[in-house]
Every structure is written in structure tokens, then in C-alpha cells.
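Survey of secondary and tertiary structure
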Amino acid sequence: MTRIIHAVIDTAALAHNLRRMREISQARIMAVVKANAYGHGLVQAANALKEADALAVARLDEGLQLRAAGIRQPIILLEGVFTGRELQTAAECNFELVVHAAEQLRLLELDANKHAFSLWLKVDTGMNRLGFRAETFADVWQRVGALRQKAKTLRVMTHLARADEPSEPMTAAQLALFARLTRGLKAETSIGNSAGTLLWPEGRGDWVRPGLALYGVSPVAGRLGADFGLRPVMTLEASVIAVRRVLQGETVGYGGAWRAERDSDIAIVAAGYGDGLTRQLPSGTPLRIEQQTARLAGRVSMDMIAADITGLTNIRVGSRAQLWGPMLPVEQIAAQAGTIPYELLCGVSQRVPLEIQV
Ligand SMILES: *Cc1c(COP(=O)(O)O)cnc(C)c1O
């Protein structure tokens with residue numbers, strides 16, 4: 001069925017990108033599916049990522065949704081748990097836990113080995129968001145080791161703050177610190193997110209944690225997913241619901257923000273900020289309609305945008321407009337809006353149905 005707006009999810013591309021990240025990294029893959037798989041549908045994405053060695057989510061609820069859908073892969077909670085009750089739930093669901101703070105370590109100690117977890121000890125090498133500070137690492141390692149049950153694993157991870165900047169010295173410093181802290185430890189490691197994996201061969205570890213790259217999108221400014229052999233997974237499409245002529249000097253939309261410099265043809269497309277388009281998109285932002293490039297004209301409304309289609313042919317009510325997708329990289333649309341593709345993809349709202357293409 002053709003809906004007025006929908007996001008087509010190409011699951012073959014998702015599987016391709018997973019293989020590609022494996023080829024690049026030569027490491028095990030923890031596929032990051034937090035935030036509704038970056039807007040691609042949590043369970044549907046997980047189903048297309050069956051070959052991943054593990055799935056990673058930010059929050060307990062996301063893990064529960066995956067288990068409720070029958071997903072049996074290892075699932076890592078990237079933020080860990082915060083109460084004894086959550087710890088209990090995590091044990092029942094066989095979640096693996098990131099341990100990044102003293103409070104979480106205490107929770108595990110209080111649990112006194114009632115449950116055996118696979119743990120990912122997170123050390124902070126400069127991001128200063130989550131993770132134990134480097135100078136406490138040796139002590140923390142001892143404590144986690146003491147409570148670890150034999151059957152379960154203990155691994156070490158860190159997160160890079162500026163891996164998307166190819167010549168940024170901070171990354172080398174983070175990697176050097178992590179290497180020093182983990183030298184001689186008999187534990188698997190995990191370092192790279194998408195950017196760390198793509199740009200820093202030494203920034204991977206035994207496990208990589210790609211999110212954005214799996215969805216076919218580049219985390220590096222000025223580069224596209226295709227530059228890394230990735231294929232975009234999401235195509236956001238909406239219908240033209242009206243076509244009109246405006247005369248030179250007339251304006252279009254709220255605030256009169258776009259003025260016709262000549263008599264112009266305008267297509268109204270059923271996609272707005274209520275669907276996840278950002279109002280920061282400026283006039284002139286490209287969209288594809290009937291294999292041609294149209295340009296956003298005026299402000300993004302809640303349910304609609306206007307596109308200047310002057311000189312284009314064959315565009316009528318019912319034509320489909322592509323807001324982003326294979327012909328229109330979301331990296332470029334995000335740049336137009338002064339944001340990052342992560343935010344646009346995660347922002348696709350509840351009312352946009354996902355059409356899963358297998
Ligand atoms: C979200 C997240 C990732 C994935 O990041 P991408 O840039 O999307 O690849 C990896 N690791 C952690 C800890 C994260 O929070």
C-alpha cells in the first residue's frame with residue numbers, strides 16, 4: 001500500500017552493511033539498535049541483523065522489547081542498570097551489562113553473585129560522560145573480578161569522543177590510554193563506534209559497536225556512506241497532495257518566508273516537522289520528485305512542506321517525493337539543516353509507518 005508518508009526500510013541493505021562492517025573491522029560486531037534502531041524500527045532492524053554477534057541498546061525497556069519479540073542474541077545494556085529491581089530483570093532476560101559507575105558496582109556487590117552476568121567494564125579515556133576514570137581502573141578491575149562468576153565474561157570498553165575527525169589528536173590519546181590500561185589483561189575489548197571503526201584501524205578492539213554505519217550512513221562530515229561501501233537503509237517518502245501556481249512577488253507558507261521571484265509552480269508534500277523533518281531546513285533544500293530535483297520553498301510546517309517545481313515535468317497530486325534515501329543522502333539533508341544524520345533518522349516520528357522491505 002502506498003501511504004501518504006512512509007519510511008521504506010531496506011533490510012537487505014542493513015544485512016549488507018553488517019557484512020561490510022565485519023569486513024572492515026575483522027572484529028566481532030555489537031550492532032547498536034538503540035533509539036528504535038535510529039528510527040528504523042527496533043525489532044525489524046534486529047531481525048535483519050541476525051548475523052550480529054550481539055545487539056546493543058541504551059535502556060532496559062529497549063532490551064525488553066527485543067526479548068518480547070523473541071530475539072535471542074546477546075543484548076548489551078549500554079547504560080547498565082540503576083536499581084536492584086532492574087538488575088533482577090536484567091538477569092531474567094539474560095542481558096549483558098555495562099558497568100560504568102561506582103553505584104552500579106555496588107549494586108552488583110549487593111547482589112552477591114546471586115546472578116551471573118556478562119559484564120562490560122567501561123573506562124573513561126576522555127569522553128567524560130560515562131565510565132570509570134583511568135586512575136581508578138586498576139582498583140575497579142579488582143573489585144569486578146572479585147564478584148565475577150566463573151561462567152560469565154568480563155570485558156573492557158571505552159568510547160571515543162572525536163573519532164569522526166580524521167586528524168584529531170584526541171583519538172590517538174584516548175587509544176594510547178586505553179591500550180596502557182588494558183595491556184596484559186586477559187579480557188576482550190571494545191572501542192570503536194562507527195567512526196572509530198571506519199577511520200581508526202587501531203580504534204576497534206575485539207568488538208566494534210557500529211550504529212549509524214549499519215544504517216548505511218557516514219558519521220564523518222563531508223563523506224557519504226557509499227564512500228565506505230555502505231548502502232542507505234531508509235528512504236523517507238511522502239505524497240504530493242496539491243500542486244499550485246503562485247505569481248511573481250507572492251509568498252508561500254508561514255511567515256511569508258519564501259517569495260516567488262517569477263511565476264512559479266509549487267508542489268505541497270505531506271511531510272512536516274510532525275513527521276520528523278526539522279524546521280531548520282532552509283529554502284533550497286533538495287528533494288526528489290519524479291526523478292527530478294525540486295527545492296524546498298519556505299518554512300517546514302507540521303504536516304506539509306512546499307517545493308518549488310518550476311520547470312519540472314510530470315509532477316501532480318499523487319506523485320511521490322523522496323525526502324532522503326539512496327538518491328538523496330540523509331548526510332546532505334542533515335548538513336543543510338545544520339545537524340547530523342543521527343538526529344534526522346532518530347527523529348522520524350511515530351506517525352510515520354515503516355514499510356519493511358525484505
Ligand atoms: C550509540 C553508541 C554507539 C554507536 O555509535 P555510532 O556513532 O552510531 O556508531 C557505540 N557505542 C556507544 C557506547 C554508544 O552509546
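Each remark here, short or long, concerns the structure printed above.
These remarks concern the structure in this document.

**Some words on the site of the ligand**
Taken together, 13 residues surround the ligand, and among them Lys 34, Tyr 38, Ser 194, Gly 211 and Tyr 342 come closest. Here Tyr 342 contributes a side-chain N or O atom positioned 2.6 Å from an oxygen atom of the ligand. Contact with the protein chains removes 92% of the 390 Å² of surface that the ligand exposes when unbound. Looking at side-chain class alone, the shell around the ligand contains 6 nonpolar, 4 polar and 3 charged residues.

**A closer look at the pattern of salt bridges**
On inspection of all chains with the given rule, the structure shows 14 salt bridges. Where Arg 28 meets Glu 188, a salt bridge forms, and the shortest distance between an N and an O atom there is 2.8 Å. Note that Arg 28 is positioned in strand 2 (residues 28–32) and Glu 188 in the loop between helix 8 (169–182) and strand 9 (189–190), a separation of 160 residues in sequence. Note that Glu 135 and Arg 133 form a salt bridge whose closest N and O atoms lie 2.8 Å from each other. Taking relative accessible area as the criterion, Glu 135 reaches 59% and is therefore assigned exposed. Ionic contacts of the salt-bridge type, sharing partners, join the residues Arg 28, Glu 96, Arg 155 and Glu 188 into one network.

**Observations regarding the nonpolar core**
Ranked by size, the top nonpolar core spans 112 residues in total, and within it Leu 287, Ile 289 and Trp 324 carry the most contacts. Apart from the residues lying within four places of it in its own chain, the contact partners of Trp 324 are Met 234, Thr 235, Leu 236, Leu 277, Val 330, Ile 333, Leu 344, Leu 345 and Val 348. If you look at the next biggest cluster of nonpolar residues, it comprises 8 residues, including Val 246, Val 252, Ile 266 and Ile 268.

**Details of the pairing of strand 15 (residues 286–289)**
A two-sided burial pattern is seen for strand 15, the buried positions comprising Pro 286 and Arg 288 on one face and Leu 287 and Ile 289 on the other. Pairing of strand 15 with strand 16 (residues 292–296) involves 4 bridges; the strand directions are antiparallel. What sits directly across from Ile 289, in strand 16, is Gln 292. Remark: 2 residues form the turn of the hairpin made by strand 15 and strand 16, two consecutive strands paired antiparallel; Glu 290 in that turn has positive phi of roughly 45 degrees. Note: strand 15 against strand 18 (residues 320–324), 2 bridges, orientation antiparallel. Among the inter-strand pairings, Arg 288 is bridged to a residue of strand 18, identified as Gln 322.

**Structural notes on the pairing of strand 11 (residues 234–246)**
By the bridge criterion, 5 bridges tie strand 1 (residues 5–10) to strand 11 in an arrangement that is antiparallel. Each residue of the ladder has a partner; that of His 6, found in strand 11, is Glu 237.

**A look at the side chain of Asp 275**
Mapped onto the secondary structure, Asp 275 falls in the loop between strand 14 (264–269) and strand 15. A distance of 2.8 Å separates the side chain of Asp 275 from the backbone nitrogen of Gly 272, its partner in a polar contact. Within the structure, the side chain of Asp 275 is placed 2.7 Å from the side chain of Arg 351, a separation counted as a polar contact.

**Looking at helix 4 (residues 60–68)**
Buried within helix 4 we find Leu 60, Glu 62, Gly 63, Leu 66 and Arg 67. Seen from one end, helix 4 has its buried residues packed into an arc of 160 degrees, which puts them on one side. Relative to its buried face, helix 4 has exposed residues pointing more than 90 degrees away, namely Asp 61 and Ala 68. Positive backbone phi, at 85 degrees, marks Gly 70, one or two positions downstream of helix 4.

**Re the environment of Ala 297**
As for its placement among the helices and strands, Ala 297 is situated in the loop between strand 16 and strand 17 (305–308). A relative accessible area of 1% means that Ala 297 is categorised as buried. With 13 residues separating them in the primary sequence, Ala 297 and Gly 284 have C-alpha atoms 6.5 Å apart. Residues in contact with Ala 297, not counting those within four places in the same chain, are Val 252, Trp 258, Ile 266, Ser 283, Ala 306, Ala 307 and Asp 308.

**Observations regarding the packing of aromatic side chains**
Tallied over the entire structure, the rule returns 4 aromatic pairs. A centroid spacing of 6.1 Å and a plane angle of 40 degrees characterise the contact between Tyr 38 and Tyr 342, whose relative ring orientation is tilted. Of this pair, Tyr 38 sits in helix 2 (residues 34–39) while Tyr 342 sits in helix 11 (residues 341–347), placing them 304 residues apart in sequence. Relative to Trp 207, the ring of Trp 120 has its centre 5.4 Å away and its plane inclined at 90 degrees; by these criteria the two rings are edge-to-face. Here Trp 207 lies in strand 10 (residues 207–208) and Trp 120 lies in strand 6 (residues 119–124), a separation of 87 residues in the sequence. The exposure classification of Trp 120 matches that of Trp 207, with both residues buried. One aromatic cluster is present, built from ring pairs that chain together Tyr 38, Tyr 215 and Tyr 342.

**What to know about the environment of Leu 230**
Mapping Leu 230 onto the fold places it in the loop between strand 10 and strand 11. Taking C-alpha positions, Leu 230 is 8.6 Å from Met 21, a pair spaced 209 residues apart along the chain. Excluding its chain neighbours within four sequence positions, the residues that come into contact with Leu 230 are His 16, Asn 17, Arg 20, Met 21, Ala 213, Gly 216, Val 217 and Gly 225.

Parameters at a glance
- Residues numbered from 1 in each chain as written.
- Predicted model: local features only at pLDDT ≥ 70, side-chain atom pairs only at ≥ 80, totals over all residues.
- Heavy atoms only, no water.
- Near = heavy atom within 4 Å.
- Polar contact = N/O pair within 3.5 Å; in protein donor to acceptor, adjacent residues only side chain to side chain.
- Areas by Shrake-Rupley, 256 points an atom, 1.4 Å probe, with all protein chains shown as cover.
- Nonpolar A, V, L, I, M, F, W, Y, C, P; charged D, E, K, R; others polar.
- Salt bridge = Lys/Arg side-chain N within 4 Å of Asp/Glu carboxyl O.
- Helix = DSSP H or I, 4+ residues; strand = E, 2+ residues; numbered from the N terminus.
- Buried < 20%, exposed > 50% of the residue type's maximum accessible area, 1.4 Å probe, protein only.
- Core = buried A, V, L, I, M, F, W, Y, C linked by side-chain atoms within 4.5 Å.
- Contact = heavy atoms within 4.5 Å.
- Pairing = 2+ DSSP bridges.
- Arc of directions from axis to C-beta.
- Phe/Tyr/Trp six-rings, centres within 6.5 Å; stacked < 30°, edge-to-face > 60°.

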